[in-house]
Amino acid sequence: MSNKYYLTTPIYYPSGKFHIGTAYCETIADSIKRYKKARGYDVYLLTGLDEHGQKIQTLAEKNGQTPQQFVDKMAEEAKRLWKLMDIQYDDFIRTTETRHKKTVQKIVNIFLEKGDIYKGEYEGWYCMPCENYFTETQLVNGKCPDCGREVKKMKEEAYFFNMKKYENWLKKFYEQNPEFIVPESRKNEIFKNFIDPGLEDLCISRCTFDWGIQMPNDPKHVLYVWLDALTNYVTALGYMSDDETLFKKYWPADLHLVGKEIIRFHGIYWPIFLHALGLELPKKLYAHSWVVMKDGKMSKSVGNVIYPETLIKRYGLDATKYYLLQLMSFGQDSMFTPEDFVERYNSDLANDLGNLLNRTIGMINKYFNGIIPTDIKEETEFDEDLRNCAKEQIEKIEKNMDSYHIKDAIQNLWKYISRTNKYIDETAPWVLAKEENTEKLKAVMFNLAEALRKIAILSEPYIANSSSKILEQLGIPKQEATWDTLSKFDNIKKGTKVVEKGEPIFMRLNADEEIEFMKKAMKN
Ligand code: MSP
């Protein structure tokens, strides 16, 4: 059985600075990649930018740049952010790259040859200053939803993709693959709103602007962004290029991660395009929900935007990633608040995890000169329960990560951390030391070190830097701390020495100060 795992995130519009909501998808992608890698998969993670379209052209003009200059700069910005966030992507595709454009034109030619694309007329409400069409329902009080000005009903020549032709096939596909989209509620939505009422053909070209890939048969038309954008998942792998090695190895995608508002494009048009090309379909679409703020969506004009850089600079990368990963319940929008951020930081990271490590390192130094005892002859009455908790929570973490319930997996890990903290209270090592009960004290120190070893391995997909620091403080080489050693309880080598003084991995925050800081940052 192949152990390849092809994972994609949406390619982002380079229309502004990425906030924590935009960074959310990349953060979960990174944690899924790290988890799958740890489980032995050969993972390929693709991200990139969706650089064409009217909006980008207009933005570039406003900035006094050519669209290409504009997107080049934005691509650097995006890469800089993913580097800062230590996102382990394997390729960064840009839709303005020749490798992408060439293949897209070949794809369009196939559709033209098959008769899937026809010429027709596009009719809609046109806003002259914005140079953009809107549908009746997109208008706000009959005016342009972007600038608020008058709109005019207009028609233009355009190419359409014959979606209707594939409607029955799509329905059958969903009957046979009812779990293709998770959560199920997202699938139900696209059925109710788009498939059940009958598919509309999709307009795939425009001639009111020129920042896009030209229709190969009619260059005054450029492709409408979605056909251009969706194909990135195969063009990046070299589909229909001189070198299809990656495509042959990794396609079909094992998981497309997308935000809930773009599930229609991925759940209807993308499967139809692929089927029309005779290609295999991705195995799964996971439509995640949104990070929202108290007053709704993040928006600069409301003054409620928070950027990943702000949090990383002040609280570190792990705290930022941890917060985002534990925030979102499967299928539900979740609210960022400064109060919650500080609470999670202090309680989960500084208290539960940080203190556990600190106390353990301190006691091993104090009672055994820093050497983790390994010749264990006695047990305490709590050891078995601690071991059982490890087994139970590891199983649950794996199950939850395999079904993309990341928040639940993190909660399982924290149950294990809390159980380990409780073990310190139950066994009261300071009493054992006082009573010179050395054999039991050895067992307790060993069990604590072993629990932290497991916690380090289990936490790597979420807080990779802290995971490394825990191992470093324990004196356990990183290459020995592999996922398959989680089932073992005798993996710590004889003579393993912890650091003399373990630096706290998370310093407690002053709640009032930090809440104030974040609130201020959101207004800037
Ligand atoms: N360019 C298209 C995607 C094409 S994929 C073939 C696009 N770009 S986007 O920049 O607007 O959005 C990229 C992703 O960011 C989407 O999946 C979107 O859901 C996600 N998010 C943007 N704001 C978000 C939140 N506040 N919370 C979580 N994710 C959100 O759509």
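Residues numbered from 1 in each chain as written. Predicted model: local features only at pLDDT ≥ 70, side-chain atom pairs only at ≥ 80, totals over all residues. Heavy atoms only, no water.

Engineer: What exactly am I supposed to notice about the environment of Lys407 here?
Structural biologist: Among the structural elements, Lys407 can be located in helix 15 (residues 406–427). By relative accessible area, Lys407 is classed as buried at 17%. Each C-alpha atom, one on Lys407 and one on Tyr322, is 9.7 Å from the other, the two residues being 85 residues apart in sequence. With near-sequence residues (within four places) excluded, Lys407 lies in contact with Leu325, Gln326, Leu327, Met328 and Ser329. (Helix = DSSP H or I, 4+ residues; strand = E, 2+ residues; numbered from the N terminus. Buried < 20%, exposed > 50% of the residue type's maximum accessible area, 1.4 Å probe, protein only. Contact = heavy atoms within 4.5 Å.)

Engineer: Is there a simple way to explain the site of the ligand in this structure?
Structural biologist: Lining the immediate environment of the ligand, one finds 22 residues, of which Ile11, Asp50, Gly259, Glu261 and Val291 sit closest. In this structure, Tyr13 approaches the ligand through a main-chain N or O atom, which is 3.0 Å from an oxygen atom. Backbone polar atom of Gly21 to a nitrogen atom of the ligand: 3.1 Å apart, as the coordinates give it. Of all elements in the fold, only helix 1 (20–38), helix 7 (225–230), helix 8 (232–235) and strand 12 (255–259) reach the threshold of two or more residues within the shell around the ligand. If one sorts the elements of the shell around the ligand by residue count, helix 7 sits on top with 3 residues. The residue makeup of the shell around the ligand, split by class, is 12 nonpolar, 8 polar and 2 charged. (Near = heavy atom within 4 Å. Polar contact = N/O pair within 3.5 Å; in protein donor to acceptor, adjacent residues only side chain to side chain. Nonpolar A, V, L, I, M, F, W, Y, C, P; charged D, E, K, R; others polar.)

Engineer: What is the right way to look at the nonpolar core in this model?
Structural biologist: Note on soluble globular proteins: their nonpolar side chains tend to be buried together. Grouped together as the largest cluster of nonpolar side chains are 103 residues, with contacts concentrated most on Trp82, Leu257, Val291, Phe336, Leu353, Trp414 and Tyr462. Every residue in contact with Leu353, bar those within four places of it in the chain, is listed here: Asp348, Trp414, Ile417, Ile455, Ile463, Ile470, Ile505 and Phe506. Grouped together as the second largest cluster of nonpolar side chains are 58 residues, Phe111, Ile117, Leu227 and Leu237 included. (Core = buried A, V, L, I, M, F, W, Y, C linked by side-chain atoms within 4.5 Å.)

Engineer: How should I be thinking about the pattern of salt bridges in this particular structure?
Structural biologist: It is possible for side chains bearing opposite charge to pair when their charged atoms get close. Scanning the model with the defined rule gives 44 salt bridges in all. Residue Lys220 pairs with Asp218 through a salt bridge whose shortest N-O separation is 3.7 Å. A salt bridge links Lys493 to Glu480; its shortest N-O distance comes to 2.8 Å. You can see Lys493 sitting in the loop between helix 18 (464–474) and helix 19 (511–523) and its partner Glu480 sitting in the loop between helix 18 and helix 19, a full 13 residues away along the chain. Assessed through its relative accessible area of 27%, Glu480 is described here as partly exposed. One salt-bridge network, in which partners are shared between bridges, spans Asp30, Arg34, Asp86, Lys321 and Glu460. (Salt bridge = Lys/Arg side-chain N within 4 Å of Asp/Glu carboxyl O.)

Functional significance is not addressed by these values, which are geometric in nature.
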